[in-house]
Every structure is written in structure tokens, then in C-alpha cells.
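# Survey of secondary and tertiary structure
Spelled out from the first residue to the last, the chains are:
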Amino acid sequence: MWTEKYRPKTVEEVIGNEKAKRIFINWVNDWKAGKAKELGILLVGPPGIGKTSWVHAFANSYGYTLIETNASDYRSQSALKERLGHVTKVSTLDTFFYGKRKEPLIFLDEVDGLDPKRDRGGIQAVIEIAKSSGVLTVLAANIIDPKQHKDLIENFYVIEFHPLTPRQIELLLKRIASEENLDIPDSKIREIASKAKGDARTAINMLQSIAVGMEISIMEPTIENLPFSTFMKRLFEAASYEEISTLIQSNINHIPDLIQVLWDITMRSGMDINFLLDYLKELSEIDILWRKINLERKWGLLRYLFVLLPNYIYRVRRYITYEEKIPEYRFYLFVKNRKVREQRDEALELLPRLFHVSKRKFMTEVLPYSYNVILHDAWKDFREWCSRVYG
Amino acid sequence: MSTSSGQKVDKKNIIKVYVGSPFQPRIRLGATLFKSIVRLKGVEYRRGQGFIISDLSAIPRLNTLLSRFNVVIVPYGRCIICGKDVRCDQCEYLDLCRKDVDICICRSCLEQHDVWNKYIQAQRKIARS
């Protein structure tokens, strides 16, 4: 893979994010001098923009021994401690092999995969390891939730990495094209730079595909971390079962919402009752399996889910079309208008208590049927919004 | 000199702006206009320094507000290889690029044969300084 072959080896080879890189080096200098308040660094940014490459190149250029772990593989406190708990400033064997002592650098990728509730103690373990080892610790995440990952934000110095500019991508592609002796016209390179949306990994993969004769028009940019609406649209427009399966596997975070939406559209489909029963039975099995995976942390069961779920979608979409109608429970996420959002929050602060129900129950069971009566004129915008959504 | 919208403007009426760096519009704005500009998303004002643009998408609205003074704000980035100014509004990727970019690569550097080596040399120079 060219993404591995051309992974930067020194800090000079890392393209883009000049400011973030400077801040990173300055913080490490402060940390070495004992001036840094935080335990380590947390790099945040979308996939394919060079976070991991930067840490690799930094360790290589500044003489650190990289101890890399993916947080999604070691999620619990015990697993993390077992893997990294023994690391200390003097624990590497470089003195024996290279004659000089290299300091270790702990790099924990994809820490946003650690859920403070489900992966008990995972985040705390990361903090403890950084604290007790005295080793330079770098974490990386695609998205950080200020509520869920509060402890990480408080203890680590957050540095944001941004997508590359199209011209930076062009530079990267030109370098690879010249080293691989490829004769690719500039127009093609510009097309890739435009389509990659700042994602260097996608751009390199596109170039490699072109080199073996594929056309850009059939290549899709990254399918990871899609917004929910795009993800749904792509699922229902997918050309094959394999495409549906890949989309689901690349966007696991959307599975709970996906199951809810599938329930919603199956119920609204107006199918024959026998058909509907069959489909609901299948969907309930998927739902139970997903909950089991989450409650019992049995990740091995995902392999069954990755077959059942695409299969359900592949079959059900023959009978129903996906309308972008918002299921009631999701309306929290979809309000883009600030005025409506403020009025909604105000109403939700007051009304569920009056009705003696939880907020969720109020949203799903009370509001859709009585918004016209219970929302007075002070919440006019929210009422209009409800009428648009609930019809 | 012409702007991206094709409007012809005298060179001295063009105000060069770099993302994240302060600039002074060199005109008397008045309180109302000043407030309108400061309220724009992506524009802030620092006393003693001037306006700072953090989001290039604010520039069309800023130019509309300043149109009666016949001045035009033109966004620039700096080329990381040669250090020269790069005009953002004439870039072929204008609509696809991020709106908070201050460092870029100019087209003339990008067209050069050994652009990668020059980039590495420029990075080394920056690291040394």
C-alpha cells in the first residue's frame, strides 16, 4: 500500500498543519523542562490528515521509541494497564541494541473509542498510565465529546489537526507520482486533490487506483465517520450488498440510530401484516444482538451483526424507500435553528415535569400528538418545527 | 487590479489580509459600521492591533459592508516554500479549501520539477529557526 510506503519518516516530510506541529514541539520542550501542566498531548482531527504519521515521524526524528496501541483493541482498565502499565522512562531495551538510551513515547490511537460508561475505567487508566510512567504520552482521536471525554480534555493538552488544503494534497500526489515514475496528467491530480476533501489517505489510495487503471469517477471518497443523514442515504442508494456491509462496518457508531430508523420506516411502510411480522422478527433479533454486544462487551458477536444487518437492509429496501423523515426520538439532534433549539430546551425543562414523564417519554409519546395544544405562543418557532416534523 | 468577482479596483484601495493576522482598514468606519463588522462570524477586533479574520467566508460580507468606501479586502496566504504571498481569491480550489488557511503553496512553486525537495528544505529552514 502506498499509504504505508509513503508514510513520512521525518517531521519535515509531514505535510500541512504547520501551526499544530509547532505547538506540539513547543509543548514537548515545555514538558521536558517540567513546565507543562498537562500529562500529555491529545491530537484531535478527522481521519487521514496525518495525526498518526506525525507521531511516528516525531518519534523517529527526535529519538523516541514508539509504543503504540489502539484504544479500540484495549478498552478496559485492566487491558490497558496490562499493555502499558509497565512502561517507564528506563524500560526500553535500546541501550542494549543501539548503545544509547532512547526514551519511550506512548501513543494511544483512537481514544474516542473509549466510552466512559461502557469501558469502565478505560479513560482513568489512560490518565493513570500517563501520570505514573512519567513518559511522554500522546493520544489521538477523531472526535472528542466535551461531556464524555471531559477527563481527557482536562488532563491532556488538546491540539487540533485540520484537513490538508487541496494544494498540499497536490504536492503529496506529485511526489508519489514522480517517485513511482507515473505519467499522470496534472488535470487528474487536480481532480483527486479536489475530491479527497483534505484526506491524504483517500487521495493516495485514489492515485494508486488510477495507477492500476481505475477511473476516478467510480471511486468514492472516505466512507468512515459519515454524518448520519449521508450514511442513511448511501445505504439506501448502495449498488450492492457488499457496499451496504462496508458502510455499516465503517460507521459502527450509527448502528443504534440505524436500528431505530429501520424500525420506524418498516412500521410506516404499509406492508402486508404477514410481511411486516417477518421483518419485525428479524429486526428484533438484530436489536437484541446489538444490545447483547454492548451490555456484555462481546465484540466477537459483531461478525453476525455485520451479516444480519446488511441483509435486512438489502431485502427491506425492495419494499420501502427511505424518506428523510425524522424519527421522533432523534429530533434532538436535527434542530439546526438556534431559536427553535432554545425554545425546545426551555419547553423540555418545564413540560415533562408537569406531565410527570421523563424527557424521552415526553418527546416520543406526548409531544408528537399534542404539540399544538401544549406549546403556547412563546414557543411558536418550536411549535412550527413540530408541525413540520410530525405533520 | 481586479478582484475575484471581476470588479476593477485601484491597487491602493485593496487591503491585503492574512488569516489570523491583524489589519487596519485605513478608513473611518463610524460606530454603526464598526459594530456590524465586529458582529460578523469569523471577524474579531483587538484593541491596538485591528481586525482579525479567522474565517475567510466572512470576506464577501465584509466587502459588501465596505463597498461604499471603494475598498476591497483581498485574502492572502503565505507560500511555505518561497514565502511569497498567495492570493486566495484566485485559487482554483477556492470553493473546496478550508476557510481558515494561512499557509499554502503557490502555483509557481507547485509547478516546479523538484517541488518536493524544495518543500523539505523549506521545512528544515523553519525547524532551524
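Parameters at a glance
Residues numbered from 1 in each chain as written. Chains lettered and ligands numbered in written order. Predicted model: local features only at pLDDT ≥ 70, side-chain atom pairs only at ≥ 80, totals over all residues. Heavy atoms only, no water. Phe/Tyr/Trp six-rings, centres within 6.5 Å; stacked < 30°, edge-to-face > 60°. Helix = DSSP H or I, 4+ residues; strand = E, 2+ residues; numbered from the N terminus. Buried < 20%, exposed > 50% of the residue type's maximum accessible area, 1.4 Å probe, protein only. Lys NZ or Arg CZ within 6 Å of the ring centre and 35° of its normal. Salt bridge = Lys/Arg side-chain N within 4 Å of Asp/Glu carboxyl O. Contact = heavy atoms within 4.5 Å. Buried area = accessible area lost by both parts, 1.4 Å probe. pLDDT = per-residue confidence, 0-100. Core = buried A, V, L, I, M, F, W, Y, C linked by side-chain atoms within 4.5 Å. Pairing = 2+ DSSP bridges. Axes fitted to C-alpha atoms, helices over the stretch in contact; angles between N-to-C directions. Parallel < 35°, antiparallel > 145°, perpendicular 65-115°, else oblique. Patch = residues over 30% accessible without salt bridge, like charges linked within 9 Å, V, L, I, M, F, W, Y side chains within 5 Å. Areas by Shrake-Rupley, 256 points an atom, 1.4 Å probe, with all protein chains shown as cover.

### Observations regarding the packing of aromatic side chains
Scanning the entire structure with this criterion turns up 17 aromatic pairs over all chains. Here the aromatic rings of Y18 of chain B and Y76 of chain B are separated by 6.3 Å at their centres, their planes lie at 50°, and the arrangement is tilted. Of this pair, Y18 of chain B sits in strand β1 (residues 14-18) while Y76 of chain B is found in strand β5 (residues 72-79), placing the two residues 58 residues apart along the sequence. The same class applies to Y18 of chain B and to Y76 of chain B, which are both buried. Joined through ring pairs, the aromatic side chains of F24, W54, F58, Y62 and Y64 of chain A make up one cluster. The ring of Y76 of chain B is capped by K16 of chain B, whose NZ or CZ atom sits 4.9 Å from the centre of that ring. Just above the ring of Y18 of chain B sits the side chain of R78 of chain B; from NZ or CZ to the centre is 4.1 Å.

### Considering the environment of A58 of chain B
With respect to the helices and strands, the residue A58 of chain B is situated in the loop between β4 (50-53) and α2 (59-66). Residues A58 of chain B and K41 of chain B lie 17 residues apart in sequence; the distance between their C-alpha atoms is 6.4 Å.

### Some thoughts on the pattern of salt bridges
Enumeration over the complete set of coordinates arrives at 21 salt bridges over all chains. Among the salt bridges present, the one from E170 of chain A reaches R107 of chain B, with a minimum N-O distance of 2.9 Å. Residue E170 of chain A is found in helix α8 (residues 166-179), and its partner R107 of chain B is found in helix α3 (residues 107-110); the two belong to separate chains. The pair formed by E170 of chain A and R107 of chain B is uniform in burial state, with each residue classed as buried. Residues R353 of chain A and E349 of chain A are paired through a salt bridge, measuring 3.3 Å at the closest nitrogen-oxygen approach. Of this pair, R353 of chain A and E349 of chain A are both found in helix α17 (residues 338-354), 4 residues apart, which corresponds to roughly one turn of the helix. Classification of R353 of chain A by relative accessible area gives exposed; the value is 60%. Judged by its relative accessible area of 43%, E349 of chain A falls in the partly exposed class. Residues joined in a network through salt bridges with shared partners are R167, E170, K174 and R190 of chain A together with E92, R107 and E111 of chain B.

### Observations concerning the interface of chain B and chain A
Between chain B and chain A, the residue contacts involve 23 residues of the former and 22 residues of the latter. Both faces combined, the contact of chain B with chain A buries some 2200 Å², and carbon together with sulfur accounts for 62% of it. In terms of surface lost to chain A, no three residues of chain B exceed Y93, R98 and W116 of chain B, which account for 32% of the buried area on that side. At the surface where chain B touches chain A, the tally comes to 3 salt bridges. Ionic pairing is found between E92 of chain B and R167 of chain A, a salt bridge with its closest N-O pair at 3.0 Å. Looking at the side of chain B that touches chain A, the elements with two or more residues in it are β7 (103-104), α3 and α4 (115-128) of chain B.

### Here we look at the confidence of the model for chain B
Averaged over chain B, the pLDDT score is 84; the fraction of residues at 70 or greater is 91%. Both scores are available for the predicted complex, with the pTM at 0.65 and the ipTM at 0.85.

### Some points on the nonpolar core
L171 of chain A together with I81 and I105 of chain B are the most contacted members of the largest nonpolar core, which has 35 residues in total. Elements that contribute at least two residues to this core include exactly α8, α9 (186-195) and α10 (200-211) of chain A together with α3 and α4 of chain B. The residues contacting L171 of chain A, other than those within four sequence positions of it, are I15 of chain A together with I105, L110, V115, W116 and Y119 of chain B. Core analysis: the second largest hydrophobic core is formed by 33 residues, I248, I265, L283 and L302 of chain A among them.

### Notes on the sheet that holds strand β5 (residues 156-160) of chain A
Residues and elements named next belong to chain A. The 5 strands are arranged β2-β3-β4-β1-β5 in an open sheet whose pairing can be described as parallel. Strand pairing shows two members of the sheet lacking a second neighbour, β2 (64-70) and β5, which therefore form its edges. Strand-to-strand twist of the sheet, defined as the mean angle between neighbouring strand axes without regard to direction, takes the value 20°. Together, β1 (40-44), β2, β4 (136-141) and β5 form the strand contacts of helix α2 (residues 18-32), whose direction differs from that of β5 by roughly 160°. Helix α3 (residues 51-61) contacts β1, β2, β3 (103-109) and β4 of the sheet and is inclined by roughly 155° relative to β2.

### Topic: the packing of α17 of chain A against helix α18 (residues 359-374) of chain A
Residue and element names in this part refer to chain A. Following both chains from N to C, one finds α17 and α18 inclined at 100°, their axes separated by 11 Å at the closest point. Taken together, the axis directions place α17 and α18 in an arrangement best described as roughly perpendicular. Taking contact as the criterion, the partners of L348, E349, L351 and P352 in α17 are, on α18, K359, F362, M363 and I374.

### Some words on a nonpolar patch on the surface
Among the surface-exposed residues, L350, L354 and F355 of chain A lie close enough to one another that they form a single nonpolar patch of about 290 Å² accessible area. Summarising the element assignment, L350 of chain A is placed in helix α17.

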